[in-house]
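Residue-level structure breakdown
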Amino acid sequence: MTHPPPSSTAQDVLKAADARRLILDSLSPVTGGERVELHAALGRVLAQDVIAPLDVPMHDNSAMDGYAVRAEDLDSGAGSETRLTVVGSALAGHPFAGRLRPGEAVRIMTGAVIPDGADTVVMQEIVRREDDRIFIPAGQQKGRNLRRAGEDLAAGSVALPAGRRCGPAELGLIASLGIGEVAVRRRLRVAFFSTGDELTPIGQPLKPGAIHDSNRHTLAGALARLGCELLDLGIVPDRPAALEAAFAEAAGTADVVITSGGVSVGDADFIRELMARMGEVSFWKLAIKPGRPMAFGRIGDAVLFGLPGNPVATMVSFYQFVQDALLSLMGVTPLPPAARFAARADFALRKPAGRVEYLRGRLLRDGAALGVTLAGAQGSGMLHSMSEADCFIVLPEDCTSVQAGDTVFIQPFHGLV
């Protein structure tokens, strides 16, 4: 499933782009799949191509309300208007039964089958009607306002390729083909837990120096939005035996193990030693802020991500490195490109060169212009600013300062899933 890159030394600091590439290059999709009914396919990854069993649309049909006519009856030059006799109507699901003869027209509605003999639809807005006669201005073009059979999809063609993740549009397309169930890859099983003696479950009183565990709930939400199968192992105390048992349980039941906390170099940070002893691990210092410490590797057959404990650093690490790795393991191909847009900075700051910084931002709209400001304090433990933000402001390694009015690049949160 994965072949971790060579372990880094304690002094190595990996660039964000290098870490992302090393992670993705070492992964391949999990095996196994199932067939599900269409209503259950939202968010699932197609395991096989969806082949169109019929043309879409199945018949030539009208692209608008108007009149179906024979182009040879029309005056295509600058002459006088054309007079035709209306001999019937065609509605979606109720086609005109006869064949159009010279000098005749059929009233037609959007989506209705083009009558036999007709080859053009004239929009109703330009037509003058008197009883059963219509008058059409000169200059109409043959073949206008038609949707041809098979122009969306031809029978036998690939409607959706394997590796596509099904969203609402994909579900609608599959339904339009009359297909009621599809083959999908199995859900990715992800085990996750938080580490730290200071963490307290919700509902229990806080002891001196303790805090409520938020990272586990953040990760649960992010994983659920991806459609993963979740195995929540709760809070694991900073004791090697407890951590080792949690790792063994997680690796034995899941495809991916995600931890938060304990990956730094403090006296109670045991994760690095345990992961190195139990599996193959690259332990990295990343040239980013927040989220400098992060582990990636494998324990048994499970892919492992050890994320930092600070709440914002956990979210940054997940969205910048883990999420695409999970999509890759789910079999999504190609991976969606990172959504980045230019915006005008409505703030000023200085930063050291040599690292990427992910600031929490809030988009500003002034007419057609797009601006961005900081969403509160930027400390890596200040989760409230993530709730107030709607984008990351991404400052590259070579950036050393931002002045108000400068162009910066942003990642909208709605583009992260």
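Summarised in this report is the structure supplied together with it. Keep in mind that this is a model prediction, so the values were computed, not measured.

Further remarks concern the pattern of salt bridges. A complete count under the given rule lists 20 salt bridges for this structure. The salt bridge partner of Arg148 is Asp60, with a shortest N-O separation of 3.0 Å. Here Arg148 is found in the loop between β11 (146-147) and β12 (158-160), whereas its partner Asp60 is found in the loop between β3 (50-51) and β4 (61-62), with 88 residues between them in sequence. The residue Arg70 makes a salt bridge to Asp73 at a minimum N-O spacing of 3.1 Å. Assigned by exposure class, Arg70 and Asp73 land together as buried. Three or more residues are tied together by salt bridges with common partners; here these are Glu81, Arg128, Glu130 and Arg133.

What follows is about unusual backbone geometry. At the junction of Val56 and Pro57, the peptide bond is cis and its omega measures out at -5° in the coordinates. With respect to the element layout, Pro57 can be found in the loop between β3 and β4. With omega at -10°, the peptide bond leading from Thr333 into Pro334 counts as cis. Within the secondary structure, Pro334 is located in the loop between α6 (311-330) and β23 (341-345). The backbone phi angle of Asp131 is positive, close to 55°, even though this residue is not glycine. For Asp131, the location among the structural elements is in the loop between β9 (128-130) and β10 (133-136). Exposure remark for Asp131: the relative accessible area of 70% places this residue in the exposed category. Of note, Asn145 is a non-glycine position whose phi angle comes to about 65°, a positive value. Residue placement: Asn145 occurs in the loop between β10 and β11.

Reading the values: the criteria
- Residues numbered from 1 in each chain as written.
- Predicted model: local features only at pLDDT ≥ 70, side-chain atom pairs only at ≥ 80, totals over all residues.
- Heavy atoms only, no water.
- Salt bridge = Lys/Arg side-chain N within 4 Å of Asp/Glu carboxyl O.
- Helix = DSSP H or I, 4+ residues; strand = E, 2+ residues; numbered from the N terminus.
- Buried < 20%, exposed > 50% of the residue type's maximum accessible area, 1.4 Å probe, protein only.

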